[in-house]
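These are the residues of each chain, in order.
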Amino acid sequence: MSDTLTSTTNLPTAARSRSARRSVGLWLLLCCVMIAVMVLLGGITRLTDSGLSIMEWKPIMGALPPMSQASWEHVFALYRQIAEYKHVNPDMTLEGFKSIFWWEYLHRLWGRLLAVAFLVPLGWFLIRGRITRAELPRLMILFALGGLQGAVGWYMVASGFQDRVDVSQYRLVVHLMLALAIFALMLWYALDYLDERPPTGDRTAMAQLARHARCMNIVIAVEIALGGLVAGTDAGFVYNDFPRMNGHWLSPDLLTMSPWWINFTENLAMVQFQHRLTSGFVAIAVISFLVRLRRHDIDRVIKRRALTLPFALAAQAFLGMATLILVVPVPLAVLHQLGAFVLLGCGLVVQHGLLRRARS
(Lines give C-alpha, C1' and ligand atoms only; values in the text may rest on other atoms or scores of the structure.)
Protein backbone atom coordinates (compact mmCIF):
# COMPACT_ATOMS: atom_id res chain seq x y z
CA MET A 1 0.00 0.00 0.00
CA SER A 2 2.78 2.43 0.92
CA ASP A 3 4.51 1.71 -2.40
CA THR A 4 1.32 2.65 -4.24
CA LEU A 5 0.94 5.90 -2.32
CA THR A 6 4.52 6.96 -2.97
CA SER A 7 4.83 5.70 -6.55
CA THR A 8 4.18 9.15 -8.05
CA THR A 9 7.00 10.77 -6.13
CA ASN A 10 9.36 7.99 -7.19
CA LEU A 11 8.76 8.62 -10.89
CA PRO A 12 11.67 10.00 -12.89
CA THR A 13 11.60 13.78 -13.40
CA ALA A 14 10.78 13.49 -17.10
CA ALA A 15 7.86 11.16 -16.39
CA ARG A 16 6.52 13.47 -13.67
CA SER A 17 6.83 16.38 -16.09
CA ARG A 18 4.85 14.53 -18.77
CA SER A 19 2.19 13.63 -16.24
CA ALA A 20 1.95 17.24 -15.04
CA ARG A 21 1.68 18.62 -18.56
CA ARG A 22 -0.94 16.04 -19.44
CA SER A 23 -3.08 17.00 -16.46
CA VAL A 24 -2.90 20.69 -17.43
CA GLY A 25 -3.76 19.84 -21.04
CA LEU A 26 -6.77 17.74 -20.03
CA TRP A 27 -8.00 20.54 -17.78
CA LEU A 28 -7.83 23.02 -20.68
CA LEU A 29 -9.55 20.48 -22.94
CA LEU A 30 -12.37 20.17 -20.41
CA CYS A 31 -12.70 23.95 -20.44
CA CYS A 32 -13.01 23.77 -24.26
CA VAL A 33 -15.90 21.34 -23.85
CA MET A 34 -17.52 23.71 -21.36
CA ILE A 35 -17.16 26.57 -23.85
CA ALA A 36 -18.85 24.43 -26.51
CA VAL A 37 -21.72 23.76 -24.09
CA MET A 38 -21.87 27.50 -23.38
CA VAL A 39 -22.23 28.16 -27.11
CA LEU A 40 -24.97 25.53 -27.33
CA LEU A 41 -26.85 27.16 -24.44
CA GLY A 42 -26.41 30.55 -26.09
CA GLY A 43 -27.92 29.17 -29.28
CA ILE A 44 -30.95 27.84 -27.41
CA THR A 45 -31.31 31.17 -25.62
CA ARG A 46 -31.27 33.02 -28.95
CA LEU A 47 -33.67 30.67 -30.74
CA THR A 48 -36.19 30.66 -27.89
CA ASP A 49 -36.07 34.49 -27.64
CA SER A 50 -34.95 34.18 -24.02
CA GLY A 51 -31.99 36.56 -24.11
CA LEU A 52 -33.84 39.66 -22.94
CA SER A 53 -35.59 38.01 -20.00
CA ILE A 54 -33.00 39.18 -17.44
CA MET A 55 -32.60 42.95 -17.47
CA GLU A 56 -30.06 43.26 -14.68
CA TRP A 57 -26.36 42.43 -14.77
CA LYS A 58 -25.27 41.16 -11.37
CA PRO A 59 -22.12 39.05 -11.89
CA ILE A 60 -22.08 37.89 -8.25
CA MET A 61 -25.60 38.23 -6.81
CA GLY A 62 -27.12 37.21 -10.13
CA ALA A 63 -25.91 33.66 -9.53
CA LEU A 64 -29.12 33.11 -7.54
CA PRO A 65 -32.48 32.99 -9.35
CA PRO A 66 -35.61 34.69 -7.93
CA MET A 67 -36.40 32.96 -4.64
CA SER A 68 -39.85 34.38 -3.88
CA GLN A 69 -43.05 35.40 -5.63
CA ALA A 70 -42.15 39.04 -5.10
CA SER A 71 -38.76 38.52 -6.75
CA TRP A 72 -40.41 36.87 -9.74
CA GLU A 73 -42.88 39.74 -10.05
CA HIS A 74 -39.97 42.20 -9.95
CA VAL A 75 -37.99 40.63 -12.80
CA PHE A 76 -41.18 40.14 -14.84
CA ALA A 77 -42.08 43.80 -14.33
CA LEU A 78 -38.66 44.80 -15.71
CA TYR A 79 -39.23 42.60 -18.76
CA ARG A 80 -42.65 44.20 -19.38
CA GLN A 81 -40.93 47.56 -19.89
CA ILE A 82 -39.09 46.57 -23.08
CA ALA A 83 -40.24 46.50 -26.70
CA GLU A 84 -40.05 42.71 -27.02
CA TYR A 85 -42.77 42.27 -24.43
CA LYS A 86 -44.93 45.09 -25.80
CA HIS A 87 -44.73 44.07 -29.47
CA VAL A 88 -43.99 40.33 -29.44
CA ASN A 89 -45.25 38.89 -26.13
CA PRO A 90 -47.97 41.27 -24.85
CA ASP A 91 -50.09 38.34 -23.61
CA MET A 92 -47.26 36.59 -21.76
CA THR A 93 -48.05 35.46 -18.22
CA LEU A 94 -45.62 35.03 -15.36
CA GLU A 95 -45.50 31.29 -16.04
CA GLY A 96 -44.67 31.93 -19.68
CA PHE A 97 -41.97 34.38 -18.62
CA LYS A 98 -40.40 31.74 -16.38
CA SER A 99 -40.03 29.41 -19.40
CA ILE A 100 -37.76 31.91 -21.16
CA PHE A 101 -36.08 33.17 -17.98
CA TRP A 102 -34.57 29.78 -17.14
CA TRP A 103 -32.73 29.47 -20.46
CA GLU A 104 -31.05 32.86 -20.04
CA TYR A 105 -30.34 32.12 -16.39
CA LEU A 106 -28.76 28.75 -17.25
CA HIS A 107 -26.63 30.41 -19.93
CA ARG A 108 -25.31 32.96 -17.44
CA LEU A 109 -24.90 30.39 -14.66
CA TRP A 110 -22.84 28.16 -16.95
CA GLY A 111 -20.56 31.14 -17.65
CA ARG A 112 -19.98 31.55 -13.93
CA LEU A 113 -19.27 27.83 -13.54
CA LEU A 114 -16.81 28.04 -16.42
CA ALA A 115 -14.96 30.86 -14.66
CA VAL A 116 -14.68 28.75 -11.50
CA ALA A 117 -13.65 25.66 -13.49
CA PHE A 118 -10.83 27.71 -15.00
CA LEU A 119 -9.63 29.79 -12.07
CA VAL A 120 -9.63 27.21 -9.24
CA PRO A 121 -7.58 24.52 -11.08
CA LEU A 122 -5.28 27.26 -12.35
CA GLY A 123 -4.46 28.23 -8.77
CA TRP A 124 -3.99 24.60 -7.79
CA PHE A 125 -1.64 23.91 -10.72
CA LEU A 126 0.39 27.00 -9.82
CA ILE A 127 0.74 25.90 -6.20
CA ARG A 128 1.79 22.42 -7.31
CA GLY A 129 4.31 23.81 -9.78
CA ARG A 130 2.60 22.23 -12.81
CA ILE A 131 2.32 25.60 -14.52
CA THR A 132 5.44 27.75 -14.72
CA ARG A 133 5.52 31.50 -14.36
CA ALA A 134 6.43 31.75 -18.04
CA GLU A 135 3.22 29.92 -18.96
CA LEU A 136 1.00 31.97 -16.64
CA PRO A 137 0.54 35.16 -18.73
CA ARG A 138 -1.21 33.47 -21.65
CA LEU A 139 -3.53 31.63 -19.27
CA MET A 140 -4.37 34.89 -17.49
CA ILE A 141 -5.11 36.42 -20.89
CA LEU A 142 -7.64 33.62 -21.41
CA PHE A 143 -9.25 34.46 -18.07
CA ALA A 144 -9.34 38.17 -18.96
CA LEU A 145 -10.98 37.33 -22.30
CA GLY A 146 -13.58 35.33 -20.41
CA GLY A 147 -14.34 38.37 -18.24
CA LEU A 148 -14.51 40.54 -21.34
CA GLN A 149 -16.94 38.04 -22.87
CA GLY A 150 -19.29 38.53 -19.94
CA ALA A 151 -19.21 42.31 -20.47
CA VAL A 152 -19.73 41.92 -24.22
CA GLY A 153 -22.67 39.60 -23.54
CA TRP A 154 -24.31 42.26 -21.38
CA TYR A 155 -23.52 44.93 -24.02
CA MET A 156 -25.30 42.72 -26.55
CA VAL A 157 -28.33 42.16 -24.33
CA ALA A 158 -28.59 45.88 -23.53
CA SER A 159 -29.12 46.61 -27.23
CA GLY A 160 -32.58 45.04 -26.91
CA PHE A 161 -33.72 47.23 -24.02
CA GLN A 162 -34.73 50.25 -26.08
CA ASP A 163 -36.72 50.30 -29.32
CA ARG A 164 -35.65 46.90 -30.69
CA VAL A 165 -37.54 43.64 -30.26
CA ASP A 166 -34.27 41.73 -30.46
CA VAL A 167 -30.58 42.24 -29.79
CA SER A 168 -28.28 43.88 -32.33
CA GLN A 169 -26.95 41.37 -34.86
CA TYR A 170 -23.63 43.25 -34.87
CA ARG A 171 -23.17 42.82 -31.13
CA LEU A 172 -24.30 39.20 -31.37
CA VAL A 173 -21.56 38.49 -33.94
CA VAL A 174 -18.95 40.14 -31.70
CA HIS A 175 -20.16 37.99 -28.78
CA LEU A 176 -20.03 34.83 -30.90
CA MET A 177 -16.61 35.53 -32.37
CA LEU A 178 -15.09 36.31 -28.99
CA ALA A 179 -16.39 32.94 -27.79
CA LEU A 180 -14.79 31.38 -30.86
CA ALA A 181 -11.46 33.11 -30.15
CA ILE A 182 -11.45 31.89 -26.53
CA PHE A 183 -12.32 28.36 -27.68
CA ALA A 184 -9.57 28.36 -30.33
CA LEU A 185 -6.89 29.70 -27.97
CA MET A 186 -7.93 27.31 -25.21
CA LEU A 187 -7.73 24.34 -27.58
CA TRP A 188 -4.37 25.47 -28.97
CA TYR A 189 -2.87 25.78 -25.50
CA ALA A 190 -4.31 22.38 -24.53
CA LEU A 191 -2.59 20.83 -27.55
CA ASP A 192 0.69 22.48 -26.52
CA TYR A 193 0.54 20.41 -23.32
CA LEU A 194 -0.92 17.20 -24.75
CA ASP A 195 0.70 16.88 -28.17
CA GLU A 196 4.32 16.10 -27.30
CA ARG A 197 5.05 13.11 -29.54
CA PRO A 198 7.77 14.06 -32.07
CA PRO A 199 6.06 14.08 -35.50
CA THR A 200 7.73 12.66 -38.58
CA GLY A 201 7.55 13.46 -42.28
CA ASP A 202 8.70 16.03 -44.81
CA ARG A 203 9.23 19.25 -42.86
CA THR A 204 8.91 21.50 -45.93
CA ALA A 205 5.67 19.87 -47.04
CA MET A 206 4.25 20.11 -43.54
CA ALA A 207 5.09 23.82 -43.37
CA GLN A 208 3.21 24.38 -46.63
CA LEU A 209 0.27 22.33 -45.42
CA ALA A 210 0.24 24.25 -42.13
CA ARG A 211 -0.25 27.47 -44.11
CA HIS A 212 -3.07 25.82 -46.06
CA ALA A 213 -4.65 24.66 -42.81
CA ARG A 214 -4.43 28.18 -41.40
CA CYS A 215 -6.23 29.58 -44.46
CA MET A 216 -8.84 26.81 -44.18
CA ASN A 217 -9.48 27.67 -40.54
CA ILE A 218 -9.78 31.38 -41.33
CA VAL A 219 -12.44 30.59 -43.94
CA ILE A 220 -14.30 28.44 -41.39
CA ALA A 221 -14.14 31.30 -38.86
CA VAL A 222 -15.52 33.77 -41.44
CA GLU A 223 -18.36 31.35 -42.17
CA ILE A 224 -19.14 31.15 -38.44
CA ALA A 225 -19.31 34.96 -38.29
CA LEU A 226 -21.71 34.99 -41.25
CA GLY A 227 -23.76 32.34 -39.48
CA GLY A 228 -23.95 34.71 -36.52
CA LEU A 229 -25.43 37.34 -38.84
CA VAL A 230 -28.00 34.81 -40.03
CA ALA A 231 -28.95 34.08 -36.42
CA GLY A 232 -28.99 37.75 -35.44
CA THR A 233 -31.30 38.78 -38.28
CA ASP A 234 -33.47 35.61 -38.27
CA ALA A 235 -32.51 35.17 -41.91
CA GLY A 236 -32.87 31.39 -41.60
CA PHE A 237 -36.66 31.77 -41.53
CA VAL A 238 -36.83 32.96 -45.15
CA TYR A 239 -35.87 31.25 -48.41
CA ASN A 240 -36.34 27.78 -46.97
CA ASP A 241 -35.52 25.83 -50.12
CA PHE A 242 -32.12 24.58 -51.21
CA PRO A 243 -30.02 25.01 -53.32
CA ARG A 244 -32.25 27.72 -54.83
CA MET A 245 -33.78 30.67 -53.01
CA ASN A 246 -37.53 30.74 -53.66
CA GLY A 247 -36.83 29.15 -57.04
CA HIS A 248 -33.98 31.54 -57.95
CA TRP A 249 -30.27 30.78 -58.09
CA LEU A 250 -29.72 34.47 -57.34
CA SER A 251 -32.56 36.05 -55.43
CA PRO A 252 -33.82 39.34 -56.95
CA ASP A 253 -33.91 40.72 -53.38
CA LEU A 254 -30.15 40.63 -52.80
CA LEU A 255 -29.49 44.35 -53.27
CA THR A 256 -32.78 46.08 -52.57
CA MET A 257 -31.68 48.22 -49.59
CA SER A 258 -30.02 51.61 -49.72
CA PRO A 259 -27.25 52.49 -49.17
CA TRP A 260 -25.99 49.36 -50.89
CA TRP A 261 -23.51 48.28 -48.22
CA ILE A 262 -26.13 47.64 -45.55
CA ASN A 263 -27.47 44.77 -47.67
CA PHE A 264 -24.56 42.62 -46.44
CA THR A 265 -25.58 42.87 -42.78
CA GLU A 266 -29.30 43.75 -42.79
CA ASN A 267 -30.89 42.40 -45.98
CA LEU A 268 -32.15 38.91 -45.09
CA ALA A 269 -31.73 37.64 -48.65
CA MET A 270 -28.10 38.78 -48.86
CA VAL A 271 -27.25 37.66 -45.32
CA GLN A 272 -28.47 34.15 -46.05
CA PHE A 273 -26.93 34.08 -49.54
CA GLN A 274 -23.43 35.00 -48.37
CA HIS A 275 -23.64 32.32 -45.66
CA ARG A 276 -24.60 29.76 -48.34
CA LEU A 277 -21.87 31.00 -50.69
CA THR A 278 -19.11 30.92 -48.09
CA SER A 279 -20.08 27.37 -47.11
CA GLY A 280 -18.95 26.41 -50.62
CA PHE A 281 -15.57 28.05 -50.01
CA VAL A 282 -15.29 26.10 -46.74
CA ALA A 283 -15.90 22.86 -48.65
CA ILE A 284 -13.28 23.83 -51.26
CA ALA A 285 -10.73 24.71 -48.57
CA VAL A 286 -11.25 21.45 -46.67
CA ILE A 287 -11.31 19.16 -49.71
CA SER A 288 -8.28 20.79 -51.35
CA PHE A 289 -6.39 20.49 -48.07
CA LEU A 290 -7.18 16.77 -47.82
CA VAL A 291 -6.10 16.19 -51.44
CA ARG A 292 -2.76 17.90 -50.82
CA LEU A 293 -2.30 16.00 -47.57
CA ARG A 294 -2.58 12.64 -49.34
CA ARG A 295 0.12 13.57 -51.83
CA HIS A 296 2.90 14.23 -49.32
CA ASP A 297 5.01 12.32 -46.84
CA ILE A 298 3.13 13.34 -43.72
CA ASP A 299 3.10 11.92 -40.21
CA ARG A 300 0.51 9.13 -39.98
CA VAL A 301 -0.98 10.50 -36.78
CA ILE A 302 -1.67 13.83 -38.46
CA LYS A 303 -3.25 12.06 -41.43
CA ARG A 304 -5.53 10.13 -39.07
CA ARG A 305 -6.51 13.36 -37.33
CA ALA A 306 -7.29 14.91 -40.71
CA LEU A 307 -9.86 12.15 -41.34
CA THR A 308 -12.13 13.95 -38.87
CA LEU A 309 -12.43 16.89 -41.28
CA PRO A 310 -14.57 15.31 -44.03
CA PHE A 311 -16.95 13.80 -41.46
CA ALA A 312 -17.28 17.09 -39.60
CA LEU A 313 -17.80 18.93 -42.89
CA ALA A 314 -20.44 16.49 -44.12
CA ALA A 315 -22.31 16.58 -40.81
CA GLN A 316 -22.23 20.37 -40.78
CA ALA A 317 -23.51 20.59 -44.36
CA PHE A 318 -26.35 18.17 -43.59
CA LEU A 319 -27.32 20.06 -40.43
CA GLY A 320 -27.24 23.38 -42.27
CA MET A 321 -29.50 22.20 -45.10
CA ALA A 322 -31.88 20.41 -42.73
CA THR A 323 -32.10 23.47 -40.46
CA LEU A 324 -32.97 25.66 -43.44
CA ILE A 325 -35.46 23.35 -45.15
CA LEU A 326 -37.28 22.52 -41.90
CA VAL A 327 -37.47 26.24 -40.98
CA VAL A 328 -35.02 26.36 -38.10
CA PRO A 329 -36.12 23.74 -35.57
CA VAL A 330 -34.27 24.50 -32.33
CA PRO A 331 -32.49 21.10 -31.91
CA LEU A 332 -31.06 21.12 -35.45
CA ALA A 333 -30.14 24.81 -35.32
CA VAL A 334 -28.14 24.50 -32.09
CA LEU A 335 -26.41 21.36 -33.37
CA HIS A 336 -25.51 23.29 -36.53
CA GLN A 337 -23.96 26.03 -34.41
CA LEU A 338 -22.10 23.51 -32.28
CA GLY A 339 -20.96 21.66 -35.41
CA ALA A 340 -19.22 24.79 -36.64
CA PHE A 341 -17.07 24.84 -33.50
CA VAL A 342 -16.35 21.12 -33.92
CA LEU A 343 -15.26 21.63 -37.54
CA LEU A 344 -12.93 24.46 -36.59
CA GLY A 345 -11.60 22.39 -33.68
CA CYS A 346 -10.72 19.55 -36.06
CA GLY A 347 -8.92 22.01 -38.31
CA LEU A 348 -6.96 23.49 -35.42
CA VAL A 349 -5.84 20.06 -34.20
CA VAL A 350 -4.42 19.27 -37.65
CA GLN A 351 -2.82 22.72 -38.03
CA HIS A 352 -1.17 22.41 -34.62
CA GLY A 353 0.38 19.05 -35.48
CA LEU A 354 1.70 20.32 -38.81
CA LEU A 355 3.25 23.40 -37.22
CA ARG A 356 5.01 21.31 -34.57
CA ARG A 357 6.82 19.34 -37.28
CA ALA A 358 7.54 22.41 -39.40
CA ARG A 359 9.18 24.16 -36.42
CA SER A 360 11.01 21.13 -35.01
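None of the values given here were measured: they were computed from a predicted structure.

So, on to helix α6 (residues 136-158). A rise of 1.5 Å per residue sets the reference length of α6, with its 23 residues, at 33 Å; its end C-alpha atoms lie 33 Å apart and thus fit the reference within 8%. Taken as a whole, α6 has its buried residues at Leu139, Leu142, Leu145, Gln149, Val152, Gly153, Trp154, Met156 and Val157.

Okay, the environment of Trp72 next. Relative to the helices and strands, Trp72 is located in helix α3 (residues 69-79). Along the primary structure Trp72 and Glu95 are separated by 23 residues, whereas in three dimensions their C-alpha atoms are 9.8 Å apart. Setting aside residues up to four positions removed in sequence, Trp72 forms contacts with Pro66, Leu94, Phe97, Lys98, Phe101 and Trp102.

All right, on to the packing of aromatic side chains then. In this description, an aromatic ring pair is defined by two values, namely the gap between the centres and the angle between the planes. With the rule as written, the count across this model stands at 18 aromatic pairs. Taking the centre distance of 5.4 Å and the plane angle of 65° together, the rings of Phe183 and Phe341 count as edge-to-face. Here Phe183, found in helix α7 (residues 169-194), pairs with Phe341, found in helix α13 (residues 330-359); they are 158 residues apart in sequence, far enough to count as distant. Pairwise contacts between aromatic rings join Trp72, Phe76, Tyr79, Tyr85, Phe97, Phe101, Trp102 and Tyr105 into one cluster. Lying over the aromatic face of Trp72, Lys98 brings its terminal NZ or CZ to 5.0 Å of the ring centre. Cation over ring: Arg171 sits above Tyr155, and NZ or CZ is 3.7 Å from the ring centre.

Right, let's get into unusual backbone geometry. In the segment running from Phe242 into Pro243, the intervening peptide bond is cis, with an omega of 10°. Secondary-structure assignment places Pro243 in the loop between α8 (203-233) and α9 (263-266). With an omega of 0°, the peptide bond running from Ser258 to Pro259 counts as cis. The topology assignment puts Pro259 in the loop between α8 and α9. Non-glycine residue Asp49 carries a positive phi angle of around 55°. Following the sequence through the fold, Asp49 ends up in the loop between α2 (13-47) and α3.

Basis of the calculations
Residues numbered from 1 in each chain as written. Predicted model: local features only at pLDDT ≥ 70, side-chain atom pairs only at ≥ 80, totals over all residues. Heavy atoms only, no water. Helix = DSSP H or I, 4+ residues; strand = E, 2+ residues; numbered from the N terminus. Expected span 1.5 Å × (residues − 1). Buried < 20%, exposed > 50% of the residue type's maximum accessible area, 1.4 Å probe, protein only. Contact = heavy atoms within 4.5 Å. Phe/Tyr/Trp six-rings, centres within 6.5 Å; stacked < 30°, edge-to-face > 60°. Lys NZ or Arg CZ within 6 Å of the ring centre and 35° of its normal.

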